[in-house]
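# Structural description and commentary
In case you want the letters, here they are:
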Amino acid sequence: MVKVCMVRGPGTNCDMETGFAFKLAGAEVRDVHIFRLRENPSILRDYQILVFPGGFTYGDYLGAGTVFSFEIRKFLYDEVRNFIEKGGLVLGICNGFQILVRSGLIPGWEERAITLGFNRQGRFIDRWVELEVVNEETPFLRGIETLRVPIAHAEGRLSVRDENVRRRLWDGKHVALVYKENPNGSVDDIAGLVDTTGRVLGLMPHPERNIFFHHTERGGEGIKVFENAVRFFS
Amino acid sequence: MRIEIRTREGFPDFLGLAVKEEISLLGIEVRNVKLYEVYWISGEVDEGELERVFKDYILDPVEKEMKAGGFGEEGITVTYHPGVMDPVALTLKDLLVECGIRVKDVKTGRKYIIEGELSPGELERIKEKVLMNPTIEREVKGDDVFFIPSPYTFKLITVPLLNASDEELIRISKEGMLSLSLEEMRKIKEYYKSLGRDPTDIELETIAQTWSEHCYHKTFKSPIEFEGKVIPGIFYEYIVKATEEVNAPWCLLVFKDNAGAIAFDDEYAVTFKVETHNHPSALEPYGGAGTGIGGVIRDTMGTGLGAKPVANTDVFCFAPLDTPPEALPPGVLHPRRIARGVVAGVRDYGNRMGIPTVNGSVSFHPGFLGNPLVYCGSVGIIPRKFLKKEVRPGDVIVVVGGRTGRDGIHGATFSSMKLDEQSEKVSGGAVQIGNPIEEKKLLDALLRARDEELYRAITDCGAGGFSSAVGEMGRDCGAEVELSHVPLKYEGLSYTEIWISESQERMVLSVPPEKLERLLEIFREEGVEATPIGKFTDTKKLVVRYKGEKVCELDMDFLHGGVPLTLKRATYRKREIPDGDFDPPPLKEALLSILSSPDVASKEWIVRQYDHEVQGGSVVKPLCGNDGPSDGAIIRPVLSKERGVIIAHGINPSYGEIEPYWMAASVIDEALRNLIACGGRLEGSALLDNFSFGDVNDPYVLGDLVMVCRGCYDFAKLFGVPFISGKDSLHNEFEAEGKKISIPPTLLISSIGILEDLSCALTTNFKRDGALILVIGETRRELGGSEYFRYLRRKDGLVPRVYSEAKDIMERVSRCTQERLFLSLHDISEGGLGVALCEMGIGGRKGFSAELSCIPATERAKRPDIILFSESNTRWVAEVDERDKGRVDELLSGIPHAWIGRVGGEDAVFLYGGVEVLRLPMDEVERAWKEGIKW
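Residues numbered from 1 in each chain as written. Chains lettered and ligands numbered in written order. Predicted model: local features only at pLDDT ≥ 70, side-chain atom pairs only at ≥ 80, totals over all residues. Heavy atoms only, no water.

## A word on the side chain of B:Thr79
Residue and element names in this part refer to chain B.
- Tracing the chain through its elements places Thr79 in strand β4 (residues 76-80).
- Taking the relative accessible area as the measure of exposure, Thr79 reaches 2% and is therefore buried.
- Only 2.8 Å separates the side chain of Thr79 from the backbone oxygen of Thr108, close enough to count as a polar contact. (Helix = DSSP H or I, 4+ residues; strand = E, 2+ residues; numbered from the N terminus. Buried < 20%, exposed > 50% of the residue type's maximum accessible area, 1.4 Å probe, protein only. Polar contact = N/O pair within 3.5 Å; in protein donor to acceptor, adjacent residues only side chain to side chain.)

Below, the structure written as structure tokens:
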């Protein structure tokens, strides 16, 4: 069975449904507290998929995902890089995406040149959005063209340092998902990015919140993301 | 050491822009506002080292820049008062410590740089109205921000009571902010006479907390003389009795424990509790509402052995947002500021906890100017085997969660007092800022410990702090506490302060000694403090020590059974008058105006700020289709089970102002018809009652309360739906410059039910062109308190009644929904049928045509305007596929209903006897409804 390491910390709050989606997709899911991972980073080696669910880790005080990404960079960075090099998949949803960007795992460049800033409305927004997949090469998004999923965040506006960085994101095929209608002021309508290997995906919207018929008109679409990840190893 | 962070040139500062927008709401235009983050760090700190940590780990490398020592620009710097919870500072301190920086203390602030020409008066207004709230914040010049607490030296304080005269008793109660009446003080004096000693200060405080209106609900338990008879107590006589007589087998917990509970299925129970947090929200809306929602979530966590919170609700009552600033009495915040602060408070706490906020509403009335109402509800799910709790002598008392500070001292007694212009100053300590992440960690740890069955009982530390929590848990056996073991936020707290502090995010557990070690281990693993502070005993005494010295010894029986209940007098003043004849106004203006009126218009601005999808179980959301309104919410609380919980409510202060008894009937009907509209059934459902009233020492206000309780009894009985929990908030009266502003009698009824088959869930938006439109229920000339009469500025009219056939109608509608005969269903409430139809059209992005003359109506109601705008109860609009018409007619035979038209087209079209009486393009309808409120 494909094993998923779901890392949670103080303030993670989408772990239950994210774990549920992976289980529904056929994976075995372990809930691992960041404190345990810090004590023994090598436990990551038992897993094929690493997921950072949504939430408000450490309250998002000091900025969304700041403290959690500090823990990754200071205590876990090499082990996570190693996990990626060896072919593991990493998924970061919402706060998980913020953590991946802040820790530099996305886009995985030497320099830190992108960020997720406050929405242009200056406040939290919850709404359903339509996404278009622009990079089908990443294992998570194969065979998916569009996705209907909700966003729920205050700091989800992708921002780049300059024009070169923007171009580099597109040229390097980092852009994975775009909004059909931009909800938060994100540059080039970007909703999700992958790293240089394509095996690390981060996105602001929540695919785990659209896995049942009753979630929306096209209910259930989000499960494909999780099924794809599991299928990658089978 | 000061560090400032700001947005780099070339990037937008959206938070600064939001402040600019708030300033413009004052009618002051400024060029630009820039918002800087400010951090002060004390200790043996190396500046370079600190800067490196900030740059490496904290600073956003793209959009932000920082400067140690500050950028030097002139600005207004605001920081919290000493001792106010500052979660950002706590987080930063932990991070710096992990980086090996020898930090002693951290403080945060905000610096505003306002560009534009402002007079000193304007600047003061901006500071006061937008930039800070003096209740919790202050402006600082320079860097002198750290609070150095003075150490505490123990000294036992006794209060000379034994020989006190009545005047002295009153003075002792008032000066100690005890809110105890003379009768109560006399009773206490008598008790201490029998002991032959004076009370200690902490004993008196403990009694005051336990006996407070907030904790003991004296008004609901006291005998009341009314209409020549004595009612032994309205709580037992009306509320409890209704539930007993309904005798519903699905009730699992009623009126005990921290929330009520009904059966979800054979394995799980659903819990529900709704609280008010009115007084704190009036003074500090953000902190008041945040700690309100935080508190009610802890009620869920403290029900049985701890339920898991799965949904929040929020219902607000404010004064009109367009109240002119000059109309505000001194000491009152503008309703817009209250609204924005309250919404942000609920948002930041609920979202951070990861609990979807799924249902709510806002009512507006000038009576809420001094006393806004903030209801926060929490729904939980719990395995039924964990519903029972017990405390056994010998169990260890363990406090878990946040540390104890001076926060919220006298919250319980404060909430039982009237507010006045001085409240802001004297009660500042009762207002707090919450730390939701502390509570989330506590929840994570608690559920693990619960599942391993490591404790036998739990309760939250709410009003009254430890004094209430430990006093309540140990009431049947006894308890002993050592206060010096309680972890403190800072030194300097006296033993009494520790005991009655209402610091947030704390709970108390009763832990069998053999399980203590494992319990502490789990809490350690989750990064939550857990500390044994005493044990439960079999002495029937509450004993409290500080560093070994006994400071309190009270008999539990006296503490919990000694409250003297005095006879109160109530009088009912009837003020409803039937409406006279009047000519209908032009319908177009009337309908558009009602659609955009604050009680009716879209609340999307609020809804969008709440995460209503988290936990992944949404079925019916607060907005449906093209962002039309929902009648209630449905969630799937256990993802592996295809079964839902429906949550809805009813509230109508405008009816309460005119006719309290029929308001109660109407809001019960509304709460239940909303449940039905979502696909629910009466069977298996339950109600919660939340009473908010003015000063109940006024016999007329008390008379209204009695009538509302009677209504609760009569209509819970009629529908066969029990009350499982409730709360009262009395004394919602504001006094300024000798003038009293009292709230209208307000009853919030929340409803909860189970949906066995999620495919029967219904939303309000029209689904299909050509489908038939059905109106169910009879329309009467019931216009008192209606939106229509508010528009016409008429004060007369009868408020809607509820008739004996209401239960039968609801059950038949449920039959239809269970057979999935409706495409959409919407209840008819504020604004009447016209609004209901328009809302269904907005949600479905479809027009419709409706013939009004065929709608079942009484003779006096047969007029286009009355049929459009009457707010008669027990009515719905349904959308039905033509092929199901026969079956629907069959199920509704004998029930007033009519097929009034079809869905489709671009316009909302109303006919009367075949003649078009009103046509409006749906675009215009949508705009009126969606843009009605200027937040």
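Moving on from the model shown.
## Section: the sheet that holds strand β23 (residues 568-570) of chain B
Residues and elements named next belong to chain B.
- Strand order in the open sheet formed by three strands is β8-β7-β23, and the pairing between neighbours is mixed. Edge positions in the open sheet fall to β8 (229-231) and β23, since each of these has one partner strand only. Averaged over all pairs of adjacent strands, the angle between their axes in this sheet comes to 30 degrees, without regard to strand direction.
- Of the strand pairs in this sheet, strand β7 (residues 224-226) and β8 are connected by three bridges, and their pairing is antiparallel. Across the sheet, residue Phe226 finds its bridge partner in β8, namely Lys229.
- Lying over the sheet, helix α25 (residues 699-719) contacts β7, β8 and β23, oriented at roughly 80 degrees with respect to β23. (Pairing = 2+ DSSP bridges. Axes fitted to C-alpha atoms, helices over the stretch in contact; angles between N-to-C directions. Contact = heavy atoms within 4.5 Å.)

## Examining the sheet that holds strand β29 (residues 686-692) of chain B
Residue and element names in this part refer to chain B.
- The sheet built from six strands is open, its strands ordered β24-β27-β28-β33-β29-β30 with mixed pairing. A strand with exactly one partner marks an edge of an open sheet, and here the two such strands are β24 (618-620) and β30 (723-729). Strand-to-strand twist across the sheet, computed as the mean angle between neighbouring axes with direction ignored, equals 20 degrees.
- Both strand β27 (residues 633-635) and strand β28 (residues 644-650) contribute to a ladder of three bridges, which runs antiparallel. Across the sheet, residue Ile634 finds its bridge partner in β28, namely Ile646.

## Some points on the interface of chain A and chain B
- In this assembly, 52 residues from chain A lie in contact with 59 residues from chain B.
- Interface of chain A and chain B: buried area, both sides summed, is about 4,800 Å²; carbon and sulfur atoms make up 58% of it.
- For the chain A face of the interface with chain B, the top three residues by lost area are A:Tyr61, A:Leu62 and A:Asp126, together amounting to 16%.
- At the boundary of chain A with chain B, the tally comes to seven salt bridges.
- Of all elements in the fold, only α1 (15-24), α2 (34-39), α3 (66-85), β5 (114-117), β6 (125-133), β7 (146-153) and β8 (157-160) of chain A reach the threshold of two or more residues within the side of chain A that touches chain B.
- Looking at the side of chain A that touches chain B element by element, the count peaks at seven residues for α3(A).
- Taken together, the residues that form the side of chain A that touches chain B break down as 23 nonpolar, 13 polar and 16 charged. (Buried area = accessible area lost by both parts, 1.4 Å probe. Salt bridge = Lys/Arg side-chain N within 4 Å of Asp/Glu carboxyl O. Nonpolar A, V, L, I, M, F, W, Y, C, P; charged D, E, K, R; others polar.)

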